[in-house]
Amino acid sequence: MTIVVTGGAGFIGSNFIFYSLKAHPDYRIVCIDKLTYAGNLSTLKPVMDNKNFRFVKLDICDREGVYKLFDEEKPDVVVNFAAESHVDRSIENPSIFLETNVIGTGVMLDAARKYGVKRYHQVSTDEVYGDLPLDRPDLFFTEETPIHTSSPYSSSKAGADLLVMAYYRTYGLPVTISRCSNNYGPYHFPEKLIPLMIANCLNDKPLPVYGEGLNVRDWLYVEDHCKAIDLIIHKGRVGEVYNVGGHNEMKNIDIVKLICKELGKPESLITHVTDRKGHDMRYAIDPTKIHNELGWLPETTFKEGIKKTIEWYLNNREWWEEIISGEYQNYYEKMYGNR
Ligand code: NAD
Ligand code: DAU
């Protein structure tokens, strides 16, 4: 079995590659990644010498390059992680989100069709459902919840999902989609809430909480997401969407306080800054379908997962210090300098 994994030098894609090479030692994994600011070849160092792994630097929008690769590899399965993934960046500059997330997905779908892949899996997000109110804890996102996006990021992901379903209905392409809640764990790029707060705490820098910090996210340890995708590509029903989440809702402010506590840093580092434009209030996934159909359940509790994550950032300082010492400085200044 050959699986093409796009965006494998990023956070979830790399964790998926590690998981797949371990779980399926006889599979060939071919990673294609453009290596944008969010992609790091150093992340893939542990598998670079694995004979079942190949890395190719390639933009998913490069149709000729993608077709050439599919011609060489004849993949059985495609898992499309590649995306611009940060909501704040999409608010600053939407166009690259349309390019990669919509046009790039279109190219991957065409390649999957042209070369007859047996399964095309699209890694989507719970953000396509919009948000839920804080005063209705009884409401959750199900697969039937209407698409109702808020940011250019989530709109581009929703556009991609619609295209994927159109290829299923129009051409019969064997597709599946997963819509997962917020992930956390090793190799998470330090522009996102949890790794940003860990890095800032360790450097005794202010911890920029948007608004009051009352927004709720439903956190899932990244390996549990990888296991869900692995199950879907092997056992999921073609043409179906599966929501993935572990019923672990937390307010941002509580996460930041917990990180301070774990690292022995004072809460006085917390600074409330101007809120994100159009900020989604609450995400909460109902994972009944993937549980009932595929037997998936999260295995890592938040208590264990956050400890493992903090430990990883403590033990892998060179990985994130190298990132935050480069172009990231300009990004940080632009986003937080005058906030
Ligand atoms: P990430 O930003 O860490 O990684 C994205 C990767 O895609 C990077 O390696 C980047 O170099 C690569 N990439 C970007 N544009 C590309 C292009 N044009 N061609 C090839 N490669 C390109 O993202 P992530 O957090 O790992 O998210 C992966 C996927 O999972 C995304 O599709 C995202 O929408 C989805 N998702 C993320 C979360 C989360 O909490 N992080 C939750 C649900 C779904
Ligand atoms: O729900 C899945 C989504 O989760 C994925 O589709 C996205 O790719 C991923 O980036 C993530 O989106 P969020 O916007 O929820 O994640 P982020 O880490 O950017 O922010 C989490 C919350 O923390 C959000 O309410 C905004 C807030 N926040 C974030 C940052 C970076 C802060 O208060 N301060 C910050 O500095």
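Up top you'll find the structure we're talking about.
Residues numbered from 1 in each chain as written. Chains lettered and ligands numbered in written order. Predicted model: local features only at pLDDT ≥ 70, side-chain atom pairs only at ≥ 80, totals over all residues. Heavy atoms only, no water.

1. Brief notes about the overall build of the protein chain
This is how the line gets drawn: Strands here are runs of E lasting at least two residues and helices are runs of H or I lasting at least four, both read from the DSSP assignment and numbered beginning at the N terminus. Note on method: radius of gyration uses C-alpha positions; expected globular size equals 2.2 Å times residues raised to 0.38. Summary of the burial criterion: residues with accessible area below 20% of their type's maximum are buried, those above 50% are exposed, and those between are partly exposed, where the area comes from a 1.4 Å probe applied to protein chains only. Contacts are assigned to residue pairs with any non-hydrogen atoms lying within 4.5 Å of each other. Only the protein chains shown count as cover for residues, with accessible areas throughout obtained via the Shrake-Rupley method and a probe of 1.4 Å. Positive charges come from Lys and Arg alone, negative charges from Asp and Glu alone, with His and the N- and C-terminal ends not counted. By convention, charge coordinates are those of NZ in Lys, CZ in Arg, CG in Asp, or CD in Glu.
In terms of regular secondary structure, the protein chain is built from twelve helices and 13 strands. Relative to a compact globule of 339 residues, whose C-alpha radius of gyration would be 20 Å, the protein chain shows 19 Å and is just as compact. Dimensions of the protein chain along its principal axes, counting C-alpha atoms only, are 55 × 45 × 35 Å. Relative to its full complement of 339 residues, the protein chain shows a buried share of 59%. In the protein chain, the proportion of contacts linking residues at least 24 apart, taken out of those at least 6 apart, comes to 83%. On the protein chain, roughly 14500 Å² of surface is accessible, and the fraction owed to carbon and sulfur atoms is 50%. One way to put it: in the protein chain the 39 positive side-chain charges average out to a point 2 Å from where the 47 negative ones average out.

2. Remarks on the site of ligand 2
Short version of the rule: When at least one non-hydrogen atom of a residue lies within 4 Å of a molecule or strand, that residue is treated as near it. Think of a polar contact as two N or O atoms within 3.5 Å of one another; within protein, one of them needs to be a possible hydrogen donor and the other a possible acceptor, and neighboring residues in sequence only count if both atoms come from side chains. Throughout, the ten residues Ala, Val, Leu, Ile, Met, Phe, Trp, Tyr, Cys and Pro are labelled nonpolar, Asp, Glu, Lys and Arg are labelled charged, and all others, Gly among them, are labelled polar.
Around ligand 2 lies a shell of 24 residues, among which Asp-126, Tyr-153, Arg-276, His-279 and Tyr-336 are the nearest. Between ligand 2 and the protein, one listed contact pairs an oxygen atom with a side-chain N or O atom of Tyr-153 at 2.6 Å. Going through the elements one at a time, helix 6 (193–202) and strand 8 (207–210) are the ones with two or more residues in the shell around ligand 2. The dominant element in the shell around ligand 2, judged by the number of residues it contributes, is strand 8, at three residues. The class makeup of the residues in the shell around ligand 2 is ten nonpolar, eight polar and six charged.

3. Some remarks on the layout of surface pockets
As a reminder, the rule being used: Lining residues are those with an atom within 4 Å of a point, where the points come from a 1 Å grid over the protein atoms alone and group into cavities, where a 1.4 Å probe fits but cannot get out, or pockets, open sets with protein on both sides within 12 Å along at least five of seven lines. Grid points are joined across faces, edges and corners, and a volume is the space filled by probe spheres set on the points.
Quantified by volume, the largest pocket comes out at close to 420 Å³. Elements supplying a minimum of two residues to the lining of the largest pocket: helix 11 (317–325) and helix 12 (328–336). When grouped by side-chain class, the residues that make up the lining of the largest pocket number nine nonpolar, six polar and six charged. In this model, the second largest pocket occupies a volume close to 300 Å³. Lining the second largest pocket are 14 residues, and of these Asn-15, Phe-18, Tyr-19, Lys-22 and Glu-223 lie nearest its centre. Within the residue set of the lining of the second largest pocket, elements represented by two or more residues are helix 1 (11–23), helix 7 (222–235) and helix 10 (302–315).

4. Remarks on unusual backbone geometry
Positive phi, normally seen in glycine, also occurs at Leu-35, with a value near 55°. Among the structural elements, Leu-35 can be located in the loop between strand 2 (28–33) and strand 3 (53–57).

5. Notes on the packing of helix 10 against helix 11
We count it as follows: Throughout, an axis means a line fitted to C-alpha atoms (over the contacting stretch in the case of helices), and angles, computed between N-to-C directions, take values from 0 to 180 degrees. With respect to orientation, any angle under 35 degrees is reported as roughly parallel, any angle over 145 as roughly antiparallel, any angle of 65 to 115 as roughly perpendicular, and every other angle as oblique.
At a minimum axis separation of 5 Å, helix 10 and helix 11 run at an interaxial angle of 75°. Considering their axes alone, helix 10 and helix 11 lie roughly perpendicular with respect to each other. Between helix 10 and helix 11, the contacting residues are Trp-312, Tyr-313, Leu-314 and Asn-315 on the first element and Arg-317, Glu-318, Trp-319 and Trp-320 on the second. When the residues that make up the contact of helix 10 with helix 11 are grouped by side-chain class, the tally is five nonpolar, one polar and two charged.

6. Section: the site of ligand 1
Contacts to ligand 1 come from 28 residues, most closely from Ile-12, Asp-33, Ser-85, Tyr-153 and Lys-157. In this structure, an oxygen atom belonging to ligand 1 sits 2.6 Å away from a side-chain N or O atom of Lys-157. For ligand 1, whose accessible area on its own is 840 Å², the fraction buried by protein is 97%. Broken down by secondary-structure element, the contributors of at least two residues to the shell around ligand 1 are helix 1, strand 5 (119–125) and helix 5 (152–171). At three residues, strand 5 tops the list of elements feeding residues into the shell around ligand 1.

7. Digging into the state of the cysteines
To keep it simple, the criterion reads: Only a pair of cysteine sulfur atoms within 2.5 Å counts as a disulfide in this structure description.
Inspection of the entire model under this criterion finds zero disulfides. Between Cys-31, a free cysteine, and Cys-226, which holds the nearest cysteine sulfur, the sulfur-to-sulfur gap is 13 Å.

8. Describing the pairing of strand 5
Within a regular strand, the side chains alternate between the two sheet faces. The condition is simple: A pair of strands is considered paired only if DSSP assigns at least 2 bridges between the two. When the strands point away from the viewer, a crossover counts as right-handed if the path from the first strand over the helix to the second runs clockwise.
With seven of seven residues buried, strand 5 is to be regarded as a mostly interior element. Of the two faces of strand 5, the one carrying Arg-119, His-121, Val-123 and Thr-125 and the one carrying Tyr-120, Gln-122 and Ser-124 are both buried. Inspection of the sheet shows strand 4 (residues 77–80) paired to strand 5 by four bridges, in the parallel sense. From the neighbouring strand, Asn-80 faces strand 5, where its bridge partner is Gln-122. Following the chain from strand 5 across helix 5 to the adjacent parallel strand 6 (residues 175–180), one finds a crossover that is right-handed.

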